[in-house]
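Secondary and tertiary structure notes
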Amino acid sequence: MEFGIFSQMHTPPWDDEHSRFLREVEVALAVEAAGFKYDWSPEHHFLQYYSHQPAPEVFLSFVAGKTKRLHLGTAITNITAAVNHPARVAERIATLDHLSEGRVEFGTGRGPPSAEGAGSVTPSPAEPKPMWKESLEQIPRMWRDEPYSLEGKYFRMPERNVLPKPFSKPHPPMWVACSSPPTFIE
């Protein structure tokens, strides 16, 4: 059986962000020492008290430098081009894969229809799933193809070599969060 934690960065009104970040790092060190396999860090935006974690790759790279075995997971990274351009996500995950020497677990999902999603522009409420799906299909191609290009429905990219390529071969494990039926129903 494998165990993991979520470094959510919950920041209630009586707490401060700086102390919370440092405590989350201490927890990651403690769970590695206890034999846990994962530290999952979600991407959240604009949430007053729920989670102040807009850059999980930054947090996880710091944790990677302080741990030896702990697998570092993004849970979830919003890969819709309106929030994070898929090529930038591919670059950040591949960089973290190198810095952790293959301990990255790339988690994604279609994103929340809340204040978080409303912070960026999407064509309509029905668009996040197909936007996410298009990006999800392209990121492994970006890690593999030299050069890569796309004329998609939701994003375009001229011919480029997306670098770095991942340390893990063929690429880091990919996970999909499925907390609502519309994510896994085709």
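What counts as what
Residues numbered from 1 in each chain as written. Predicted model: local features only at pLDDT ≥ 70, side-chain atom pairs only at ≥ 80, totals over all residues. Heavy atoms only, no water. Axes fitted to C-alpha atoms, helices over the stretch in contact; angles between N-to-C directions. Helix = DSSP H or I, 4+ residues; strand = E, 2+ residues; numbered from the N terminus. Parallel < 35°, antiparallel > 145°, perpendicular 65-115°, else oblique. Left-handed = near helix turned anticlockwise from the far one by under 90°. Contact = heavy atoms within 4.5 Å. Nonpolar A, V, L, I, M, F, W, Y, C, P; charged D, E, K, R; others polar. Buried < 20%, exposed > 50% of the residue type's maximum accessible area, 1.4 Å probe, protein only. Pairing = 2+ DSSP bridges. Right-handed = clockwise from strand over helix to strand, strands pointing away. Expected span 1.5 Å × (residues − 1).

Overview of the packing of helix H1 (residues 17-33) against helix H2 (residues 56-66)
- As a packed pair, H1 and H2 sit with axes 10 Å apart at the nearest point and diverge in direction by 45°. As far as their axial angle goes, H2 and H1 are oblique. Classified by chirality, the crossing of H2 by H1 is right-handed. Along the contact surface, H1 presents Phe21, Glu24, Val25, Ala28 and Leu29, while H2 presents Phe59, Phe62, Val63 and Lys66.
- Of the residues that constitute the contact of H1 with H2, the class distribution is seven nonpolar, no polar and two charged.

With respect to the pairing of strand E4 (residues 104-109)
- With six of six residues buried, E4 lies mostly within the body of the structure.
- Burial along E4 is two-sided: Val104, Phe106 and Thr108 facing one way and Glu105, Gly107 and Gly109 facing the other are all buried.
- The pairing of strand E3 (residues 71-78) with E4 spans five bridges and is classified as parallel. Along E4, the bridge assignment pairs Asn78 with Gly109.
- Where the polypeptide runs from E3 across helix H3 (residues 86-99) and back to E4, its parallel neighbour, the crossover connection is right-handed.
- Bridge analysis of E4 against strand E7 (residues 174-176) gives three bridges, and the strand direction is parallel. Bridge assignment links Gly107 to a residue of E7, and that residue is Trp175.

Focus on H3
- Given a rise of 1.5 Å per residue, 14 residues ought to cover 20 Å, and the 20 Å separating the end C-alpha atoms of H3 matches this to within 8%.
- Turning to H3, the residues buried within the fold contact H2, E3, E4, helix H4 (128-144) and strand E6 (156-160).
- Trailing H3 by a residue or two, Glu101 shows a phi angle of about 55°, which is positive.

Points about the pairing of E6
- Pairing of strand E5 (residues 148-151) with E6, which is carried by three bridges, proceeds in the antiparallel orientation. For Leu150, the partnering residue across the bridge sits in E6 and is Met157.
- Taking the residues that link successive antiparallel strands as the turn, the E5-E6 hairpin has four residues.

Overview of the side chain of Ser168
- Tracing the sequence through the fold places Ser168 in the loop between E6 and E7.
- Ignoring anything within four residues of it in the chain, the contact list for Ser168 reads Asp97 and Gly102.

Here we look at the side chain of Asp145
- Following the sequence through the fold, Asp145 ends up in the loop between H4 and E5.
- Residue Asp145 is classed as buried on the basis of its relative accessible area of 16%.

Topic: the sheet that holds strand E1 (residues 4-6)
- One open sheet holds the five strands; their spatial order is E1-E2-E3-E4-E7, and the pairing between them is parallel. The sheet is open, and its two borders are formed by E1 and E7, each paired with just one other strand. Adjacent strand axes in the sheet meet at a mean angle of 25°, parallel and antiparallel pairs treated alike.
- Together, E3 and E4 form the strand contacts of H3, whose direction differs from that of E4 by roughly 155°.

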